[in-house]
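# Tertiary structure, described
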Amino acid sequence: MTDTSRTTSYLQSEEAARRVKKRYAAEKRFRFYGLAMISIGLIFLAILFYTIISAGLLGFQSSQIKVQVPLTAENLGIEPGASREDIEAISGFKLTKLARASLHTYLGLADGDRDARARSDGLLSNGVDTQLRDLILDDPAIIGSTVDVWLMAHGNVDPFLKRQISRDLPEERRLLNDQQLGWLDRLAADDRAALKFNTNLFKMGASADPELAGVAVGLIGSFFMMVLVVVIALPIGVGAAIYLEEFAPKNKLTDLVEVNINNLAAVPSIVFGILGLAIFINLLEMPRSAPVVGGLVLSLMTLPTVIIATRSALRAVPPSIKQAALGVGASKMQAIFHHVLPLAMPGILTGLIIGLAHALGETAPLIMIGMVAAVFDIPGGPLDPATALPVQIYMWAGLPERGFVALTSAAIMILLAFLLTMNATAVILRKRFERRW
Amino acid sequence: MDTRQSSLAERHAVADGQPQVKFVTRGVHVYYGEKEAIKGVSLDILNNEVTALIGPSGCGKSTYLRCLNRMNDTVDSARVTGSILLDGTDIYDKKVDVVQLRARVGMVFQKPNPFPKSIYENVAYGPKIHGLATKKADLDAIVETSLKKAGLWNEVSDRLETQGTALSGGQQQRLCIARAIAVSPEVILMDEPCSALDPIATARVEELIDELRENYAIVIVTHSMQQAARVSQKTAFFHLGDIVEHGKTEQIFTNPREERTRDYITGRFG
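Residues numbered from 1 in each chain as written. Chains lettered and ligands numbered in written order. Predicted model: local features only at pLDDT ≥ 70, side-chain atom pairs only at ≥ 80, totals over all residues. Heavy atoms only, no water.

### As for the confidence of the model for chain B
Chain-level statistics for chain B give a pLDDT mean of 86 and a share of 92% at 70 or above. In the predicted structure, residues 1-15 of chain B sits below a pLDDT of 50 and forms 14 contacts with residues beyond four places in sequence or in another chain. (pLDDT = per-residue confidence, 0-100. Contact = heavy atoms within 4.5 Å.)

Right, here's the structure in full:
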């Protein structure tokens, strides 16, 4: 080694050149492997997005039929200028009959042709009464006039307008027979049957009819739960982490608590659901299916993640900052809250995002506390029965109607959008906290 | 603000004569768990003097320094015995509040560690938490005098809102000194304050230390023999957790009594 001339001659030898070449080749190979891994990941992501979006986009559209409905006072059975209560009291049966009769008129079906009439009724959704009532409620002045209005088509019509089901199928295996398809073609040619934006998806709850089902209840339920998780898990988690990291005496008990927190982060989520069922519902007698219980359960589930992330964020702050604060006479608490915590904030928020994303996508514990129920009414508060977006997706995925296939994918897209909005907010918050030291 | 200044003036009046004793430490032992880091150190720190602590790495000089403002409290395993009196009061007494103590005994660290906040906030933080100034004008005045004393005012007066971490290394260290003197301490502890600075910044800080001597008792830990000779009046040589020799700086450097001191100073070990 001390003989420099020998070292130099070795470094210029062929063997040394081979070694160098080998080292570079190894590096190149490693880069290639890395690139290959990332490419594979991206390809799968692209496939996933393609499947979800191509199936889901149809869910954002619904088949509608335009019908001229004579909303005369006589037909509706109310006086012009009737009160809100009167309009709300109009029987759904009457409104449905009115809509159906209008379609009979358009198709020119005779009064006596009961079979044909029944078949034509099958083109319209069961929810047209609500649609008409909402129309009158929005503008009571239309009572007495004949309105040309787009009404929801039946769920059986939808796959044909969306060309999901081939018309070449034998008639007995089709949801619509030849006569109904003929009518549909007539309506379409007349610009009276078309695909429109599916507003029901955003304003309705559970329904057995795909054209009347929506994610509103799940969306609101998930929103309430996420708010609860932030409000409960963030302060408790950060507080616990600060105590454990900075104040707790280093003894066996603290070690035990630490080990358990780390283990809790790996406990299957359904266990938290059982815990919620046993404690919040059975013991504390909280309402079933309520976002408040779901939020509590998800908070418990998120807590370990927040605690672990906060502790590592606190540890990552240079100790010199805390010493500087202590050196000018700050108390331990002042040093932590004025200096260490603000610097740890980006890391804490990252942990919270991961925890929230996890909680948002969670289904199993919510099923345990009864959030899997079909809820029709929009919840007004966190105590009202609701469901959650992923639970809604889970329920729709199990339904046989063709329309729910598209709805499932559409709901997944909404869930992803929810997640992205939530993460974007957290990223923006994190950027504001980020400082260099 | 007024009361603080008058008390400062009183201290000067006393200090005009013979330098008064600030710290009296006797038989100080520090244990980190089982390990004894300092083995019975006795030393007096005088007002209006710079006391330099020198010695090879791991000799306990920093540990001793950190006893003087109880920074060792932050280390869980550390245990301190012996007596450390500040103006006659044992600082390890239960009645002594550690937060108040650290306001009286300020500290400057090895690596400049300004808060990642504005220059103004860096200096104003101490006075704020101790309630030294309630009005904005008072706080402004404290920030200005502190930065002037630290010799930084001319360089930063027009950009007090920029980040303290955006300054150069030497400026950051002077900012840390300004931050320490903003709470009007009586003693300033410096733990190798120039080890992360270039020679020009070092000269500037050394100059500053000499100026600050007028108002404070200063204890400085340094690895540089030349620095100890330049800035200090008293020097204590630490070796293996003990003080080998202490006394006037000229005497230590020109005519040390102990063999080990001579060897260390002349560079035979360390």
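Following the structure, the description resumes.
### Details of the packing of aromatic side chains
Evaluated as defined, the whole model comprises eight aromatic pairs over all chains. Relative to B:Tyr125, the ring of B:Phe115 has its centre 5.4 Å away and its plane inclined at 80°; by these criteria the two rings are edge-to-face. Remark: B:Tyr125 occurs in helix α4 (residues 119-130) and B:Phe115 occurs in the loop between β6 (105-108) and α4; sequence separation between them is 10 residues. Judged by its relative accessible area of 8%, B:Tyr125 is buried. By the ring-pair criterion, three or more aromatic residues cluster together here, those being A:Phe60, A:Phe197 and A:Phe202. Here the guanidinium or amino end of A:Arg186 rests over the ring plane of A:Tyr106, the centre of that ring lying 5.4 Å away. In this arrangement the basic side chain of B:Arg70 is found over the ring face of B:Tyr92, its NZ or CZ atom lying 5.0 Å from the centre. (Phe/Tyr/Trp six-rings, centres within 6.5 Å; stacked < 30°, edge-to-face > 60°. Helix = DSSP H or I, 4+ residues; strand = E, 2+ residues; numbered from the N terminus. Buried < 20%, exposed > 50% of the residue type's maximum accessible area, 1.4 Å probe, protein only. Lys NZ or Arg CZ within 6 Å of the ring centre and 35° of its normal.)

### Concerning the nonpolar core
A:Met226, B:Phe23 and B:Leu53 are the most contacted members of the largest nonpolar core, which totals 94 residues. The residues touching B:Phe23, leaving out its near neighbours within four places in the chain, are B:Leu43, B:Asp44, B:Ile45, B:Leu68, B:Ile84, B:Leu85, B:Leu86, B:Ile91, B:Val105 and B:Val187. Ranked by size, the runner-up nonpolar core spans 47 residues in total, among them B:Ala180, B:Ile188, B:Ala201 and B:Ile265. (Core = buried A, V, L, I, M, F, W, Y, C linked by side-chain atoms within 4.5 Å.)

### Notes on helix α16 (residues 332-360) of chain A
Relative to the 42 Å expected for 29 residues at 1.5 Å per residue, α16(A) spans just 36 Å between its end C-alpha atoms, considerably shorter than the ideal helical length. The largest bend along α16(A) reaches roughly 50° and is located at A:Leu341, with the proline A:Pro342 sitting one to four residues downstream. (Expected span 1.5 Å × (residues − 1). Bend = angle between axes of the 7 residues up to and from the residue.)

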